[in-house]
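Chains, contacts and geometry: an overview
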Amino acid sequence: MDRDGPPRLKLIVITDAASGPRLCRGCGGPLMPSAKSTAVFCEDACRSRHWRRMRRARTRTEAVKAGVTASCQQCEAVWTVGIDRPVSAVYCSPACRKRAWHTRRAQFGEV
Ligand SMILES: [Zn+2]
Ligand SMILES: [Zn+2]
């Protein structure tokens, strides 16, 4: 009689994905149990952050596809438009912009 211990309780864990805590698509945190069944974000801030990120990623992908490059009017540095610099960028750095501004000023003969 060496197996005369107390009966073991078998713990059965049922994992049901649908009933588990849903996670916020923005921050990955669990949603409040009170959240609507259609809710995917824990709060408005997470929702807007998520969409902003999505939009930025898409803009970036399109810029890579387009592969348009621009170069600095001061030092001839080259970059891909929409990735390293905004589409409207003319100079590679504030330093170059400043230099260009000084050059222009000199050309106009201002004091
Ligand atoms: Zn969140
Ligand atoms: Zn430059």
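Residues numbered from 1 in each chain as written. Chains lettered and ligands numbered in written order. Predicted model: local features only at pLDDT ≥ 70, side-chain atom pairs only at ≥ 80, totals over all residues.

**Notes on the overall build of the protein**
What counts here: By definition, any uninterrupted DSSP run of H or I lasting at least four residues is a helix, any uninterrupted run of E lasting at least two residues is a strand, and each is numbered from the N terminus. To sort residues by burial, count the other C-beta atoms lying within 10 Å of each one's C-beta; a count of 20 or more means buried, 12 or fewer means exposed, and anything in between means partly exposed. C-beta atoms are built from the backbone. We call two residues in contact whenever the C-beta atoms placed from their backbones are within 7 Å.
Assigned secondary structure in the protein consists of 2 helices and 2 strands. The order of helices and strands in the protein, counted from the N terminus, is α-β-β-α. Across the 111 residues in the protein, those meeting the buried criterion constitute 4%. Excluding contacts between residues fewer than 6 apart, the proportion of contacts in the protein whose partners are at least 24 apart in sequence is 9%.

**Some details on helix H1 (residues 44-66)**
Test applied: Under the convention used throughout, the expected extent of a helix is 1.5 Å for every residue step, that is, one less than its residue count.
Between the first and last C-alpha of H1 there are 33 Å, a value that for 23 residues agrees with the 33 Å anticipated at 1.5 Å per step. By the criterion of burial, H1 is predominantly exposed, with just 0 of the 23 residues buried.

**Brief notes about helix H2 (residues 94-107)**
In an α-helix, one turn spans 3.6 residues; hence positions three or four apart end up facing the same way. Along its 14 residues, H2 runs 20 Å from first to last C-alpha, staying within 8% of the 20 Å computed at 1.5 Å per residue. Burial within H2 is sparse, with just 0 of its 14 residues counted as buried.

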